[in-house]
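Structure at a glance
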Amino acid sequence: MIEGRDEELSKIYRDAEEPRPPQRVDDNILAASQRVAGNLRRPATFGFSRRWGTPVAVAATVLVTSTVALMVYELQSGSDAVAPQVPRGGRTAKVSPVEPRADQPRTPPPVVLQPIAPAPPISQALQSERAEQRPGESAASTASAGARQPAFAPEAPRASDVLSKREEVKPAPATAPPAAASERARATQQAPAPDALRAFDVQPPIRPAQAPAAAPAPGANTLRESASTLQGSGAVSALTSRVAVSEAKERTPEKWLEDIRKLKIEGKTGEVERELGEFKKRYPDYRLPEDLR
Amino acid sequence: MRSMRGEASDEELMLRYGRGDARAFELLYSRHRLPLYRFLLRQLGNAESAEELFQDLWMRVVNSRGRYQPRAKFTSWVYAIAHNRLMDFYRANGRASFLSHEESESVLEDLPAAEIAADLRLDRKRAVKRLLAALGELPDAQREAFLLQQESEMSIDEIAAATGVGPETAKSRLRYAVAKLRARLGKES
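I will try to describe carefully the structure that is included in this document.

What counts and what doesn't
Along each chain, residue indices are assigned from 1 in the same order as the chain's sequence is written. Numbering of ligands from 1 and lettering of chains from A proceed in the order in which they are written. Reporting in this predicted model follows two pLDDT cut-offs: at least 70 for local features of residues, and 80 or more for side-chain atom pairs to be given and counted; totals over whole chains, interfaces and linings ignore these cut-offs and use all residues. Think of the side-chain values as coming from all heavy atoms in the structure, minus any hydrogens and water. Numbering of helices and strands runs from the N terminus; a helix is a DSSP stretch of H or I covering at least four residues, while a strand is a stretch of E covering at least two. Only protein chains enter the accessibility calculation, which uses a 1.4 Å probe; a residue is then buried when its area is under 20% of its type maximum, exposed when over 50%, and partly exposed in between. By the convention used here, residues are in contact when the closest approach between their heavy atoms is within 4.5 Å. Accessible surface is estimated by sampling points in the Shrake-Rupley manner with a 1.4 Å probe; for residues, cover comes only from the protein chains shown. The quantity reported as buried area is the accessible area (1.4 Å probe) lost by two parts once they are put together, taken as the sum for both. Counted as salt bridges are all cases of a side-chain nitrogen of Lys or Arg within 4 Å of a carboxyl oxygen of Asp or Glu. Contacts described as polar in this section are N or O atom pairs within 3.5 Å, which, within protein, must combine one atom able to donate a hydrogen with one able to accept it, while residues neighboring in sequence count only if both atoms come from side chains. By definition here, a helix of n residues has an expected span of 1.5 Å times n minus one. Here the axes come from fitting lines to C-alpha atoms, over the contacting stretch only for helices, and the angles between their N-to-C directions go from 0 to 180 degrees. Oblique is the label for any angle not under 35 degrees, not over 145, and not in the 65 to 115 range, which are roughly parallel, roughly antiparallel and roughly perpendicular in turn. Take the far helix as the reference: if the near one is turned anticlockwise from it by less than a right angle, the crossing is left-handed, and if turned clockwise, right-handed. Three classes are used: nonpolar for Ala, Val, Leu, Ile, Met, Phe, Trp, Tyr, Cys and Pro, charged for Asp, Glu, Lys and Arg, and polar for all others, with Gly counted as polar.

1. Looking at the overall build of chain B
When its secondary structure is counted, chain B shows eleven helices and zero strands. In chain B, the order of α-helices and β-strands from amino to carboxyl end is α-α-α-α-α-α-α-α-α-α-α. A total of 189 residues make up chain B; the buried ones form 53% of that total. Within chain B, contacts between residues separated by at least 24 positions form 66% of all contacts whose residues are at least 6 apart in sequence. When the accessible area of chain B is evaluated, it comes to approximately 9,000 Å², of which 49% is carbon and sulfur surface.

As C-alpha coordinates, then:
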(Lines give C-alpha, C1' and ligand atoms only; values in the text may rest on other atoms or scores of the structure.)
Protein backbone atom coordinates (compact mmCIF):
# COMPACT_ATOMS: atom_id res chain seq x y z
CA MET A 1 0.00 0.00 0.00
CA ILE A 2 1.28 3.38 -0.98
CA GLU A 3 1.75 5.77 1.89
CA GLY A 4 -1.27 8.00 2.50
CA ARG A 5 -3.26 6.43 -0.24
CA ASP A 6 -7.01 6.02 0.16
CA GLU A 7 -7.80 2.74 -1.52
CA GLU A 8 -11.51 3.39 -1.70
CA LEU A 9 -11.01 6.66 -3.48
CA SER A 10 -8.40 5.08 -5.72
CA LYS A 11 -10.87 2.39 -6.84
CA ILE A 12 -13.44 5.00 -7.73
CA TYR A 13 -10.81 7.08 -9.53
CA ARG A 14 -9.68 4.06 -11.58
CA ASP A 15 -13.25 3.47 -12.69
CA ALA A 16 -13.29 6.86 -14.31
CA GLU A 17 -13.31 7.03 -18.05
CA GLU A 18 -9.83 7.22 -19.45
CA PRO A 19 -9.38 10.24 -21.60
CA ARG A 20 -6.74 9.81 -24.30
CA PRO A 21 -4.66 12.35 -26.13
CA PRO A 22 -5.74 12.86 -29.73
CA GLN A 23 -4.03 10.81 -32.42
CA ARG A 24 -2.50 13.86 -34.04
CA VAL A 25 -0.77 14.76 -30.78
CA ASP A 26 0.64 11.24 -30.56
CA ASP A 27 1.77 11.44 -34.17
CA ASN A 28 3.42 14.82 -33.67
CA ILE A 29 5.34 13.66 -30.63
CA LEU A 30 6.47 10.37 -32.13
CA ALA A 31 7.44 12.00 -35.40
CA ALA A 32 9.52 14.58 -33.54
CA SER A 33 11.18 11.90 -31.45
CA GLN A 34 12.05 9.84 -34.51
CA ARG A 35 13.33 12.85 -36.37
CA VAL A 36 15.63 13.65 -33.51
CA ALA A 37 16.72 10.02 -33.17
CA GLY A 38 17.48 9.95 -36.90
CA ASN A 39 19.60 13.03 -36.51
CA LEU A 40 21.36 11.40 -33.62
CA ARG A 41 22.17 8.27 -35.56
CA ARG A 42 23.27 9.96 -38.73
CA PRO A 43 26.30 11.65 -37.25
CA ALA A 44 27.53 8.24 -36.19
CA THR A 45 27.71 7.08 -39.78
CA PHE A 46 28.67 10.47 -41.12
CA GLY A 47 31.25 10.71 -38.40
CA PHE A 48 32.89 7.56 -39.68
CA SER A 49 33.02 8.80 -43.24
CA ARG A 50 34.09 12.22 -42.06
CA ARG A 51 36.85 10.77 -39.95
CA TRP A 52 38.14 8.14 -42.36
CA GLY A 53 37.00 9.51 -45.69
CA THR A 54 40.02 11.68 -46.33
CA PRO A 55 42.71 9.23 -45.20
CA VAL A 56 41.09 6.41 -47.16
CA ALA A 57 40.83 8.60 -50.24
CA VAL A 58 44.47 9.64 -49.95
CA ALA A 59 45.60 6.07 -49.38
CA ALA A 60 43.56 4.85 -52.35
CA THR A 61 44.98 7.59 -54.56
CA VAL A 62 48.54 6.78 -53.56
CA LEU A 63 47.96 3.08 -54.06
CA VAL A 64 46.38 3.48 -57.47
CA THR A 65 49.00 5.98 -58.61
CA SER A 66 51.93 3.85 -57.51
CA THR A 67 50.37 0.73 -59.03
CA VAL A 68 49.80 2.44 -62.35
CA ALA A 69 53.29 3.93 -62.33
CA LEU A 70 54.80 0.53 -61.57
CA MET A 71 52.76 -1.09 -64.32
CA VAL A 72 53.76 1.54 -66.84
CA TYR A 73 57.38 1.20 -65.85
CA GLU A 74 57.30 -2.56 -66.16
CA LEU A 75 55.45 -2.41 -69.44
CA GLN A 76 58.01 0.00 -70.83
CA SER A 77 60.87 -2.10 -69.60
CA GLY A 78 59.21 -5.23 -70.92
CA SER A 79 58.54 -3.81 -74.35
CA ASP A 80 62.08 -2.55 -74.59
CA ALA A 81 63.44 -6.00 -74.05
CA VAL A 82 62.90 -7.77 -77.33
CA ALA A 83 64.20 -11.12 -76.28
CA PRO A 84 62.68 -12.39 -73.09
CA GLN A 85 65.24 -14.85 -71.83
CA VAL A 86 67.22 -12.45 -69.85
CA PRO A 87 68.66 -13.65 -66.63
CA ARG A 88 68.29 -11.26 -63.80
CA GLY A 89 71.89 -10.26 -64.11
CA GLY A 90 71.27 -9.11 -67.62
CA ARG A 91 68.70 -6.72 -66.40
CA THR A 92 70.78 -5.26 -63.67
CA ALA A 93 73.55 -4.79 -66.18
CA LYS A 94 71.39 -2.18 -67.81
CA VAL A 95 71.89 -0.03 -64.80
CA SER A 96 75.41 -0.89 -63.82
CA PRO A 97 77.26 -2.80 -66.42
CA VAL A 98 79.79 -5.26 -65.08
CA GLU A 99 82.71 -6.30 -67.13
CA PRO A 100 82.84 -10.06 -67.58
CA ARG A 101 85.54 -11.50 -65.42
CA ALA A 102 88.31 -13.46 -67.05
CA ASP A 103 88.07 -16.35 -64.61
CA GLN A 104 84.39 -16.86 -65.21
CA PRO A 105 83.36 -19.35 -67.85
CA ARG A 106 82.09 -17.65 -70.88
CA THR A 107 78.46 -18.47 -70.86
CA PRO A 108 76.27 -17.72 -73.78
CA PRO A 109 74.76 -14.36 -73.18
CA PRO A 110 71.10 -13.85 -72.86
CA VAL A 111 69.50 -12.60 -75.96
CA VAL A 112 68.51 -9.07 -75.42
CA LEU A 113 67.88 -6.17 -77.63
CA GLN A 114 71.37 -4.89 -77.98
CA PRO A 115 72.17 -1.24 -78.02
CA ILE A 116 72.23 0.12 -81.46
CA ALA A 117 73.39 3.22 -83.11
CA PRO A 118 71.00 5.64 -84.75
CA ALA A 119 69.17 4.72 -87.88
CA PRO A 120 71.50 5.51 -90.79
CA PRO A 121 74.44 3.42 -89.63
CA ILE A 122 72.08 0.58 -88.86
CA SER A 123 70.69 0.67 -92.35
CA GLN A 124 74.18 0.54 -93.69
CA ALA A 125 75.04 -2.31 -91.42
CA LEU A 126 71.91 -4.10 -92.46
CA GLN A 127 72.80 -3.79 -96.08
CA SER A 128 76.38 -4.88 -95.62
CA GLU A 129 75.42 -7.87 -93.51
CA ARG A 130 72.71 -8.87 -95.92
CA ALA A 131 75.29 -8.85 -98.63
CA GLU A 132 77.62 -11.04 -96.58
CA GLN A 133 75.02 -13.56 -95.50
CA ARG A 134 74.48 -16.72 -97.43
CA PRO A 135 70.89 -17.68 -97.98
CA GLY A 136 71.05 -21.30 -96.77
CA GLU A 137 72.51 -20.98 -93.33
CA SER A 138 70.52 -18.04 -92.25
CA ALA A 139 68.28 -19.87 -89.82
CA ALA A 140 71.07 -21.52 -87.92
CA SER A 141 73.21 -18.48 -87.86
CA THR A 142 70.35 -16.42 -86.67
CA ALA A 143 69.50 -18.85 -83.95
CA SER A 144 73.01 -18.84 -82.63
CA ALA A 145 73.70 -15.21 -83.28
CA GLY A 146 72.54 -14.06 -79.92
CA ALA A 147 74.20 -16.92 -78.15
CA ARG A 148 77.60 -16.01 -79.51
CA GLN A 149 77.52 -12.52 -78.16
CA PRO A 150 77.62 -11.43 -74.58
CA ALA A 151 74.95 -9.07 -73.45
CA PHE A 152 76.80 -5.82 -73.53
CA ALA A 153 79.96 -6.71 -75.29
CA PRO A 154 80.97 -4.13 -77.85
CA GLU A 155 80.83 -6.70 -80.60
CA ALA A 156 77.39 -7.90 -79.62
CA PRO A 157 74.96 -7.83 -82.49
CA ARG A 158 72.58 -5.00 -82.41
CA ALA A 159 68.92 -5.63 -82.12
CA SER A 160 68.48 -4.49 -85.66
CA ASP A 161 71.03 -7.11 -86.67
CA VAL A 162 69.02 -9.81 -85.06
CA LEU A 163 65.97 -8.23 -86.50
CA SER A 164 67.30 -8.17 -90.01
CA LYS A 165 68.61 -11.67 -89.75
CA ARG A 166 65.26 -12.95 -88.67
CA GLU A 167 63.63 -11.04 -91.44
CA GLU A 168 65.75 -12.91 -93.87
CA VAL A 169 65.31 -16.21 -92.13
CA LYS A 170 61.60 -15.98 -91.94
CA PRO A 171 60.82 -17.22 -95.47
CA ALA A 172 63.19 -20.15 -95.00
CA PRO A 173 60.90 -22.54 -93.07
CA ALA A 174 58.22 -22.01 -95.63
CA THR A 175 60.52 -23.03 -98.42
CA ALA A 176 61.92 -26.42 -97.40
CA PRO A 177 65.02 -25.56 -95.37
CA PRO A 178 67.97 -27.93 -95.10
CA ALA A 179 67.38 -30.66 -92.54
CA ALA A 180 69.87 -29.62 -89.91
CA ALA A 181 68.99 -26.03 -90.17
CA SER A 182 65.32 -26.78 -90.00
CA GLU A 183 65.77 -28.89 -86.88
CA ARG A 184 67.65 -26.15 -85.20
CA ALA A 185 65.11 -23.68 -86.33
CA ARG A 186 62.33 -25.88 -85.01
CA ALA A 187 64.13 -26.13 -81.70
CA THR A 188 64.34 -22.43 -81.66
CA GLN A 189 60.70 -22.01 -82.45
CA GLN A 190 59.66 -24.61 -79.89
CA ALA A 191 61.70 -22.97 -77.23
CA PRO A 192 59.49 -21.52 -74.56
CA ALA A 193 58.53 -18.02 -75.40
CA PRO A 194 57.69 -16.49 -72.11
CA ASP A 195 56.02 -13.24 -71.79
CA ALA A 196 58.33 -10.34 -72.18
CA LEU A 197 57.45 -9.21 -68.72
CA ARG A 198 58.70 -12.46 -67.29
CA ALA A 199 62.16 -11.43 -68.29
CA PHE A 200 62.32 -9.89 -64.85
CA ASP A 201 61.60 -13.12 -63.10
CA VAL A 202 64.36 -15.32 -61.85
CA GLN A 203 65.23 -17.76 -64.55
CA PRO A 204 67.63 -20.64 -64.65
CA PRO A 205 70.96 -19.91 -66.33
CA ILE A 206 71.11 -20.78 -69.96
CA ARG A 207 73.27 -23.75 -70.73
CA PRO A 208 75.77 -23.08 -73.46
CA ALA A 209 74.85 -26.20 -75.39
CA GLN A 210 71.20 -25.37 -75.66
CA ALA A 211 71.36 -21.63 -75.86
CA PRO A 212 67.81 -21.08 -76.95
CA ALA A 213 68.91 -17.74 -77.98
CA ALA A 214 66.29 -16.05 -79.97
CA ALA A 215 63.07 -17.23 -78.57
CA PRO A 216 61.33 -13.98 -78.91
CA ALA A 217 58.48 -12.69 -76.93
CA PRO A 218 55.24 -12.38 -78.78
CA GLY A 219 55.55 -8.64 -78.72
CA ALA A 220 59.01 -8.84 -80.17
CA ASN A 221 57.83 -11.19 -82.88
CA THR A 222 55.15 -8.79 -83.84
CA LEU A 223 57.68 -6.02 -84.01
CA ARG A 224 59.92 -8.05 -86.22
CA GLU A 225 57.13 -9.18 -88.47
CA SER A 226 55.96 -5.66 -88.93
CA ALA A 227 59.55 -4.67 -89.59
CA SER A 228 59.84 -7.31 -92.29
CA THR A 229 56.56 -6.18 -93.78
CA LEU A 230 57.77 -2.67 -93.89
CA GLN A 231 61.10 -3.70 -95.25
CA GLY A 232 61.64 -2.52 -98.74
CA SER A 233 59.08 0.17 -98.45
CA GLY A 234 61.65 2.43 -96.82
CA ALA A 235 59.88 2.41 -93.53
CA VAL A 236 62.42 0.12 -92.03
CA SER A 237 64.76 2.94 -91.26
CA ALA A 238 62.04 4.73 -89.35
CA LEU A 239 61.33 1.57 -87.46
CA THR A 240 64.92 0.90 -86.67
CA SER A 241 65.38 4.43 -85.50
CA ARG A 242 62.44 3.96 -83.19
CA VAL A 243 64.01 0.79 -81.94
CA ALA A 244 67.21 2.69 -81.57
CA VAL A 245 65.55 5.24 -79.41
CA SER A 246 64.13 2.57 -77.17
CA GLU A 247 67.42 0.79 -77.11
CA ALA A 248 69.24 3.93 -76.29
CA LYS A 249 67.53 3.72 -72.95
CA GLU A 250 69.08 0.34 -72.45
CA ARG A 251 72.59 1.33 -73.43
CA THR A 252 75.27 1.80 -70.90
CA PRO A 253 76.83 5.20 -70.90
CA GLU A 254 80.13 3.74 -72.08
CA LYS A 255 78.51 1.99 -75.03
CA TRP A 256 76.58 5.06 -75.91
CA LEU A 257 79.69 7.19 -75.87
CA GLU A 258 81.40 4.62 -78.02
CA ASP A 259 78.59 4.85 -80.56
CA ILE A 260 78.85 8.61 -80.47
CA ARG A 261 82.56 8.33 -80.98
CA LYS A 262 81.96 6.17 -84.04
CA LEU A 263 79.57 8.74 -85.39
CA LYS A 264 82.18 11.39 -84.81
CA ILE A 265 84.74 9.36 -86.69
CA GLU A 266 82.28 9.00 -89.55
CA GLY A 267 82.01 12.78 -89.56
CA LYS A 268 78.33 12.97 -88.72
CA THR A 269 78.62 16.01 -86.53
CA GLY A 270 74.89 16.76 -86.48
CA GLU A 271 74.05 13.37 -85.13
CA VAL A 272 76.97 13.52 -82.73
CA GLU A 273 75.60 16.71 -81.28
CA ARG A 274 72.12 15.32 -81.07
CA GLU A 275 73.32 12.14 -79.40
CA LEU A 276 75.49 14.08 -77.02
CA GLY A 277 72.52 16.25 -76.14
CA GLU A 278 70.42 13.19 -75.40
CA PHE A 279 73.27 11.66 -73.49
CA LYS A 280 73.60 14.72 -71.31
CA LYS A 281 69.90 14.72 -70.71
CA ARG A 282 69.96 11.13 -69.68
CA TYR A 283 73.16 11.23 -67.68
CA PRO A 284 73.51 14.83 -66.56
CA ASP A 285 76.18 13.98 -64.00
CA TYR A 286 78.25 11.82 -66.26
CA ARG A 287 81.65 13.22 -66.98
CA LEU A 288 82.21 13.22 -70.72
CA PRO A 289 85.57 12.07 -72.03
CA GLU A 290 87.91 14.71 -73.39
CA ASP A 291 87.38 13.84 -77.03
CA LEU A 292 83.63 14.27 -76.82
CA ARG A 293 83.46 17.47 -74.85
CA MET B 1 18.20 -0.90 -14.45
CA ARG B 2 15.65 -3.54 -15.26
CA SER B 3 12.14 -3.68 -13.94
CA MET B 4 10.85 -6.62 -11.98
CA ARG B 5 9.23 -8.07 -15.10
CA GLY B 6 12.51 -8.05 -16.96
CA GLU B 7 11.56 -5.07 -19.07
CA ALA B 8 13.87 -2.16 -19.55
CA SER B 9 13.34 0.50 -16.92
CA ASP B 10 12.19 3.98 -17.82
CA GLU B 11 15.64 5.32 -17.08
CA GLU B 12 17.31 2.78 -19.34
CA LEU B 13 14.86 3.56 -22.14
CA MET B 14 15.54 7.25 -21.79
CA LEU B 15 19.29 6.66 -21.94
CA ARG B 16 18.85 4.48 -25.00
CA TYR B 17 16.79 7.17 -26.61
CA GLY B 18 19.54 9.62 -25.80
CA ARG B 19 21.83 7.39 -27.87
CA GLY B 20 19.43 7.51 -30.80
CA ASP B 21 17.13 4.56 -30.17
CA ALA B 22 13.74 5.81 -31.35
CA ARG B 23 12.08 2.56 -30.34
CA ALA B 24 13.07 3.21 -26.71
CA PHE B 25 11.21 6.48 -26.82
CA GLU B 26 8.12 4.79 -28.24
CA LEU B 27 8.11 2.37 -25.33
CA LEU B 28 8.60 5.16 -22.86
CA TYR B 29 5.82 7.16 -24.44
CA SER B 30 3.42 4.25 -24.43
CA ARG B 31 4.04 3.70 -20.72
CA HIS B 32 3.48 7.27 -19.60
CA ARG B 33 1.25 8.74 -22.25
CA LEU B 34 -2.15 8.14 -20.63
CA PRO B 35 -1.26 8.91 -17.00
CA LEU B 36 0.46 12.11 -17.97
CA TYR B 37 -2.38 13.21 -20.19
CA ARG B 38 -4.97 12.47 -17.51
CA PHE B 39 -2.88 14.30 -14.96
CA LEU B 40 -2.73 17.41 -17.12
CA LEU B 41 -6.34 17.22 -18.24
CA ARG B 42 -7.68 16.86 -14.72
CA GLN B 43 -5.38 19.47 -13.41
CA LEU B 44 -6.34 21.98 -16.07
CA GLY B 45 -9.94 20.94 -16.70
CA ASN B 46 -9.52 21.92 -20.33
CA ALA B 47 -8.72 19.48 -23.13
CA GLU B 48 -7.20 22.08 -25.43
CA SER B 49 -4.78 23.38 -22.83
CA ALA B 50 -4.05 19.85 -21.71
CA GLU B 51 -3.10 18.80 -25.28
CA GLU B 52 -0.91 21.83 -25.65
CA LEU B 53 0.91 21.22 -22.43
CA PHE B 54 1.07 17.50 -23.06
CA GLN B 55 2.77 18.01 -26.41
CA ASP B 56 5.05 20.65 -25.00
CA LEU B 57 5.99 18.36 -22.14
CA TRP B 58 7.00 15.51 -24.42
CA MET B 59 8.92 17.83 -26.67
CA ARG B 60 10.89 18.86 -23.62
CA VAL B 61 11.59 15.22 -22.91
CA VAL B 62 12.74 14.75 -26.50
CA ASN B 63 14.96 17.80 -26.36
CA SER B 64 16.42 16.78 -22.99
CA ARG B 65 17.54 13.37 -24.26
CA GLY B 66 21.21 14.33 -24.35
CA ARG B 67 21.26 15.91 -20.90
CA TYR B 68 19.22 13.28 -19.13
CA GLN B 69 20.97 11.79 -16.10
CA PRO B 70 19.18 9.04 -14.18
CA ARG B 71 19.74 10.64 -10.80
CA ALA B 72 16.08 10.10 -9.87
CA LYS B 73 13.25 8.02 -11.25
CA PHE B 74 12.15 8.96 -14.73
CA THR B 75 8.62 9.39 -13.38
CA SER B 76 9.75 11.96 -10.83
CA TRP B 77 11.66 13.78 -13.52
CA VAL B 78 8.89 13.87 -16.10
CA TYR B 79 6.20 14.88 -13.57
CA ALA B 80 8.50 17.59 -12.33
CA ILE B 81 8.58 18.92 -15.88
CA ALA B 82 4.81 18.68 -15.97
CA HIS B 83 4.57 20.55 -12.67
CA ASN B 84 6.81 23.34 -13.94
CA ARG B 85 4.77 23.64 -17.11
CA LEU B 86 1.61 23.85 -15.04
CA MET B 87 3.12 26.58 -12.89
CA ASP B 88 4.01 28.52 -16.01
CA PHE B 89 0.49 28.03 -17.28
CA TYR B 90 -1.05 29.20 -14.00
CA ARG B 91 1.15 32.24 -13.96
CA ALA B 92 0.29 33.08 -17.51
CA ASN B 93 -3.43 32.67 -16.79
CA GLY B 94 -3.60 34.48 -13.48
CA ARG B 95 -4.13 31.41 -11.35
CA ALA B 96 -1.84 32.43 -8.54
CA SER B 97 -3.75 30.51 -5.89
CA PHE B 98 -1.57 27.49 -6.57
CA LEU B 99 1.47 29.34 -5.33
CA SER B 100 0.00 30.85 -2.18
CA HIS B 101 -2.39 28.21 -1.04
CA GLU B 102 -1.06 26.23 1.87
CA GLU B 103 -2.97 24.41 4.50
CA SER B 104 -1.77 24.02 8.02
CA GLU B 105 -1.65 20.81 9.92
CA SER B 106 -3.97 22.25 12.53
CA VAL B 107 -6.71 22.87 10.00
CA LEU B 108 -6.25 19.41 8.66
CA GLU B 109 -6.76 17.91 12.05
CA ASP B 110 -10.19 19.53 12.22
CA LEU B 111 -11.43 17.83 9.09
CA PRO B 112 -13.92 15.02 9.76
CA ALA B 113 -13.04 11.53 8.51
CA ALA B 114 -16.09 11.23 6.31
CA GLU B 115 -17.43 7.97 5.10
CA ILE B 116 -18.37 7.53 1.47
CA ALA B 117 -22.12 7.34 1.10
CA ALA B 118 -23.54 3.84 0.86
CA ASP B 119 -25.43 4.49 -2.35
CA LEU B 120 -22.28 5.72 -4.01
CA ARG B 121 -20.56 2.55 -3.10
CA LEU B 122 -23.17 0.73 -5.10
CA ASP B 123 -23.44 3.20 -7.95
CA ARG B 124 -19.88 3.35 -9.21
CA LYS B 125 -20.72 5.49 -12.18
CA ARG B 126 -22.23 8.16 -10.02
CA ALA B 127 -19.40 7.85 -7.58
CA VAL B 128 -16.89 8.49 -10.36
CA LYS B 129 -18.80 11.50 -11.54
CA ARG B 130 -18.97 12.82 -8.02
CA LEU B 131 -15.29 12.22 -7.45
CA LEU B 132 -14.23 14.02 -10.62
CA ALA B 133 -16.45 16.95 -9.73
CA ALA B 134 -14.99 17.08 -6.23
CA LEU B 135 -11.49 16.82 -7.68
CA GLY B 136 -12.11 19.86 -9.82
CA GLU B 137 -13.07 21.85 -6.74
CA LEU B 138 -9.87 21.08 -4.89
CA PRO B 139 -7.13 23.66 -4.69
CA ASP B 140 -4.60 23.13 -7.46
CA ALA B 141 -1.79 21.99 -5.17
CA GLN B 142 -3.94 19.47 -3.35
CA ARG B 143 -5.40 18.16 -6.57
CA GLU B 144 -1.92 17.87 -8.00
CA ALA B 145 -0.76 15.85 -5.02
CA PHE B 146 -3.75 13.53 -5.30
CA LEU B 147 -3.39 13.11 -9.07
CA LEU B 148 0.34 12.45 -8.79
CA GLN B 149 -0.32 9.72 -6.31
CA GLN B 150 -3.08 8.19 -8.40
CA GLU B 151 -1.52 8.44 -11.82
CA SER B 152 2.15 7.85 -11.16
CA GLU B 153 1.89 5.95 -7.91
CA MET B 154 4.52 8.21 -6.39
CA SER B 155 5.44 8.13 -2.75
CA ILE B 156 5.14 11.22 -0.56
CA ASP B 157 8.85 11.94 -1.04
CA GLU B 158 8.61 11.60 -4.76
CA ILE B 159 5.61 13.88 -4.91
CA ALA B 160 7.53 16.37 -2.81
CA ALA B 161 10.51 16.17 -5.13
CA ALA B 162 8.40 16.50 -8.26
CA THR B 163 6.51 19.49 -6.96
CA GLY B 164 9.48 21.16 -5.35
CA VAL B 165 8.18 21.17 -1.80
CA GLY B 166 9.16 19.42 1.40
CA PRO B 167 7.78 16.00 2.19
CA GLU B 168 5.62 17.36 5.00
CA THR B 169 3.96 19.84 2.70
CA ALA B 170 3.35 17.16 0.14
CA LYS B 171 1.89 14.90 2.81
CA SER B 172 -0.33 17.67 4.08
CA ARG B 173 -1.64 18.45 0.63
CA LEU B 174 -2.41 14.85 -0.01
CA ARG B 175 -4.24 14.39 3.25
CA TYR B 176 -6.26 17.51 2.63
CA ALA B 177 -7.19 16.33 -0.80
CA VAL B 178 -8.30 12.92 0.39
CA ALA B 179 -10.28 14.34 3.31
CA LYS B 180 -12.07 16.84 1.13
CA LEU B 181 -12.91 14.26 -1.52
CA ARG B 182 -14.23 11.82 1.00
CA ALA B 183 -16.29 14.59 2.57
CA ARG B 184 -17.79 15.43 -0.78
CA LEU B 185 -18.57 11.83 -1.56
CA GLY B 186 -20.20 11.28 1.83
CA LYS B 187 -22.33 14.40 1.99
CA GLU B 188 -24.81 13.85 -0.78
CA SER B 189 -26.27 10.59 -1.63
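2. Focus on the overall build of chain A
Broken down by element type, chain A carries twelve helices and zero strands. Going from N to C terminus, chain A has its helices and strands arranged as α-α-α-α-α-α-α-α-α-α-α-α. Considering only contacts in chain A between residues 6 or more positions apart, those separated by 24 or more positions represent 80%. Just so you have it, chain A exposes about 17,200 Å², and 58% of that area is on carbon and sulfur atoms.

3. Remarks on the interface of chain B and chain A
It is common to give the size of an interface as the accessible area that goes away when the parts come together. Residue-level contacts link 44 residues of chain B with 32 residues of chain A. Summed over both partners, the interface of chain B with chain A comes to about 3,500 Å²; 61% of that surface belongs to carbon and sulfur atoms. It is Gln55, Arg124 and Gln150 of chain B in chain B that bury the most area against chain A; as a group they hold 15% of the surface buried on that side. A salt bridge links Arg182 of chain B to Glu8 of chain A, with the shortest nitrogen-to-oxygen separation between them at 3.1 Å. For the pair chain B and chain A, the interface holds ten residue pairs in polar contact (both at pLDDT 80 or more).

4. A few points about helix H4 (residues 74-92) of chain B
The terminal C-alpha atoms of H4 of chain B, which comprises 19 residues, lie 27 Å apart, in line with the 27 Å expected from a rise of 1.5 Å per residue. The first or second residue beyond H4 of chain B is Gly94 of chain B, which carries a positive phi of 70 degrees.

5. So, the packing of H4 of chain B against helix H10 (residues 156-163) of chain B
Residue and element names in this part refer to chain B. Between H4 and H10, the least distance of the axes is 8 Å, while the angle of their chain directions is 45 degrees. Relative to H10, H4 is oriented oblique. Where H4 crosses over H10, the two elements pack in a sense that is right-handed. On the side of H4, the interface is formed by Ser76, Tyr79, Ala80 and His83, while H10 contributes Glu158, Ala162 and Thr163. Residue composition of the contact of H4 with H10, by class: three nonpolar, three polar and one charged.

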